[in-house]
Amino acid sequence: MALNKTLRPGLIQLRVLDLDQTLNFYKNILGLNEVCRTEDGRVCLKAYDEFDHHSVTLRLAEEPGFDYAAFKVDSEETLEKMAEAVEAFGYKTDVVPANTNQPGFGKRIGFTISTGHRLEIYADVELAPQIPETRNPNIWTEEPRGMRAQRLDHFLLYGPNIAEAERFCKEVFGMFVPEVCNTPDGKRLAAWVTSSNKPHDLAFVEYDKPGKMHHVGFLLQDWNDVGHAADIMAIHHLKQDIGPTRHAITRGQTIYFWEPSGNRIEVYAGGYTAYPDNPQRVWDSEQLGRGLFYYEGEMIPSFLQIIT
């Protein structure tokens, strides 16, 4: 559950190379539902257990990667106050009018943080045409497809000056940082940041090039579903990065792979319960391989080297 006025990461827009092929992956393999298409050809999707209009937008482009992500806040009042706080922090804001490029979404406030990533905040979003039942509800209304992704869960961003990005998330978004990894001289190498009881809503890794994405993660129900996802990967010959395995960092059960356009996807289950008053978990950089891949006990080179 959310612990402050920043409720959750509610939207991510990704660039894809082949819309039809990649859309088939998101719908029939990952298991998202198509909600609508915009006049300029973007496709909006949601997971079966999400209520908001959509959480993933795909945009045809010449290279894959991250366009922006948006966080839902609890009210219009919070939205306006947070926009002022963004400006006071030092980031210039812009206003995206309601329903601009994202049907069903109210006004969004956008800005670019130190890592070179555009983030947005919003307070209002319509319910999707098809949502989970709310009166004497069944567990689902239509049997989930493919990997049975339940919701957009988190994303990992690569860019410079993540210490400032971490400070921004704490001071403006009101988030906290359950887990970090530091270099031997004490500089931040990676940080896992959350506004909820989840171990992370987003994460950062220090990198010299701005605006890069490592992966976007989707929640599965449990370890059995992670294994089920691995079976589907094998059937469809998806390019695997690592897993099924377990993280020591976040304690999540996981598998990583690439969708047809080259964006890395994680399907994820489990993880510890995070509380802001708990001591922060700290990893030394030479132990990062074991932290990421607890069973293997060492770093998988492709995991850090391939980004979009």
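Every chain is numbered on its own, with residues counted from 1 as its sequence reads. For this predicted model, a pLDDT threshold of at least 70 governs which residues receive local features, and a threshold of 80 or more governs which side-chain atom pairs are given and counted, while totals over whole chains, interfaces and linings are taken from all residues. The side-chain figures draw on all heavy atoms in the structure; neither hydrogens nor water molecules are used.

A. Broad picture of the packing of aromatic side chains. The aromatic pairing rule takes the rings of Phe, Tyr and Trp, using the six-membered ring of Trp, and pairs them if the centres are within 6.5 Å, calling planes under 30 degrees apart stacked, those over 60 edge-to-face and the rest tilted. For the coordinates displayed, the defined rule picks out 16 aromatic pairs. For the pair Phe89 and Tyr91, a centre-to-centre distance of 5.2 Å together with 55° between the ring planes defines the contact as tilted. Both rings, one in Phe89 and one in Phe168, keep their centres 5.2 Å apart while their planes meet at 80°; by these two values the pair is edge-to-face. Placement of the pair is Phe89 in helix α2 (residues 76-89) and Phe168 in helix α3 (residues 162-171), with a sequence separation of 79 residues. A run of H or I in DSSP counts as a helix once it spans at least four residues, and a run of E counts as a strand once it spans at least two, with each numbered from the N terminus.

B. Layout of the pattern of salt bridges. What makes a salt bridge here is a side-chain nitrogen of Lys or Arg within 4 Å of a carboxyl oxygen of Asp or Glu, nothing more. All chains considered together, the criterion is met by 20 salt bridges. Here Asp52 and Arg8 are joined by a salt bridge, their closest N and O atoms 2.8 Å apart. Taken together, the positions of Asp52 in the loop between β3 (43-46) and β4 (56-60) and Arg8 in strand β1 (residues 6-16) put the pair 44 residues apart, joining distant regions of the chain. Exposure categories follow from relative accessible area, calculated using a 1.4 Å probe and restricted to protein chains: below 20% of the type maximum is buried, above 50% is exposed, and the middle band is partly exposed. Judged by relative accessible area, which is 13%, Asp52 ranks as buried. In this structure, Asp225 and Arg148 form a salt bridge, with 2.6 Å as the shortest nitrogen-oxygen distance. Note that Asp225 is positioned in helix α4 (residues 223-236) and Arg148 in the loop between β8 (118-122) and β9 (151-159), a separation of 77 residues in sequence. We classify Arg148 as partly exposed; its relative accessible area is 27%. One salt-bridge network, in which partners are shared between bridges, spans Asp94, Arg108, Arg118 and Glu120.

C. How the structure looks around the environment of Phe173. Tracing the sequence through the fold places Phe173 in the loop between α3 and β10 (176-182). Residue class for Phe173 comes out buried when judged on its relative accessible area of 2%. It is 7.9 Å that separates the C-alpha atoms of Phe173 and Ser195, two residues lying 22 residues apart in sequence. Once residues within four sequence positions are removed from consideration, Phe173 is found in contact with Asn4, Thr6, Phe71, Met82, Phe111, Leu119, Ile121 and Phe168. Throughout, a contact is declared for two residues whenever any of their heavy atoms are within 4.5 Å.

D. Structural view of the sheet that holds β1. Think of it this way: DSSP has to see at least two bridges between two strands before they count as a pair. A sheet is described by the order of its strands in space; here eight strands give the open sequence β2-β3-β4-β1-β5-β8-β7-β6, paired in mixed fashion. Of all the strands in the sheet, the pair left with one neighbour each is β2 (33-37) and β6 (94-96). Strand-to-strand twist in this sheet, taken as the mean axis angle between neighbours without regard to direction, amounts to 25°. Examined bridge by bridge, β1 and β4 share five bridges and lie parallel to one another. Following the sheet pairing, Gln13 is matched in β4 by Thr57. Taken strand by strand, helix α1 (residues 19-29) contacts β1, β2, β3 and β4, and its axis lies near 10° from that of β3. Think of each axis as a best-fit line through the C-alpha atoms, taken over the contacting stretch in the case of a helix, with angles from 0 to 180 degrees between the N-to-C directions.

E. A look at unusual backbone geometry. Here the residue pair Gly243 and Pro244 is connected by a cis peptide bond, since its omega of 0° sits within 30 degrees of zero. Of note, Pro244 is situated in strand β14 (residues 239-246). Positioned with a positive phi, Asn136 is a non-glycine residue whose angle comes to about 45°. With respect to the element layout, Asn136 can be found in the loop between β8 and β9. Even without being glycine, Arg251 reaches a positive phi, approximately 65°. As for its placement among the helices and strands, Arg251 is situated in the loop between β14 and β15 (252-258). Taking the relative accessible area as the measure of exposure, Arg251 reaches 40% and is therefore partly exposed.

F. Structural context of a nonpolar patch on the surface. Side chains of Trp223, Tyr294 and Tyr295 sit close together on the surface and give an oily, nonpolar patch of about 350 Å² of accessible area. Along the polypeptide, Tyr294 turns up in the loop between α5 (288-292) and α6 (301-305). Exposure above 30% relative accessible area and the absence of a salt bridge qualify a residue for a patch, where like charges join within 9 Å and nonpolar side chains (Val, Leu, Ile, Met, Phe, Trp, Tyr) within 5 Å. Residue exposure ignores everything except the shown protein chains as possible cover, and the areas themselves are Shrake-Rupley values with a 1.4 Å probe.

G. How the structure looks around the pairing of strand β7 (residues 108-112). A large share of β7 lies buried, amounting to four of its five residues. Where β6 meets β7, three bridges bridge the pair, whose relative direction is antiparallel. In the strand pairing of β7, Val96 is matched with Arg108. Taken together, the five bridges between β7 and β8 define a ladder with antiparallel strand orientation. Bridge pairing in β8 places Ile109 opposite Ile121.

H. The arrangement of the state of the cysteines in detail. The criterion for a disulfide is a pair of cysteine sulfur atoms lying within 2.5 Å. All told, the structure shown has zero disulfides when counted by the stated rule. Not part of a disulfide, Cys36 finds its nearest cysteine sulfur in Cys44, a span of 3.7 Å. No disulfide involves Cys169; its sulfur sits 18 Å from that of Cys181, the nearest cysteine.

I. Inspection of the nonpolar core at higher detail. The criterion is simple. A nonpolar core is a set of buried Ala, Val, Leu, Ile, Met, Phe, Trp, Tyr and Cys residues joined through side-chain atoms within 4.5 Å. By size, the foremost hydrophobic cluster in this structure holds 64 residues, and its most contacted members are Ile12, Met147, Phe168 and Phe173. Not counting residues within four places of it along the chain, the set of residues in contact with Met147 comprises Ile29, Leu30, Leu220, His228, Ala229, Ile232, Met233, Leu238, Phe257 and Val267. Of all hydrophobic cores here, the second largest spans 18 residues; its members include Tyr158, Ile249, Trp283 and Leu288.

Everything listed is a geometric property; what it means functionally is a separate question.
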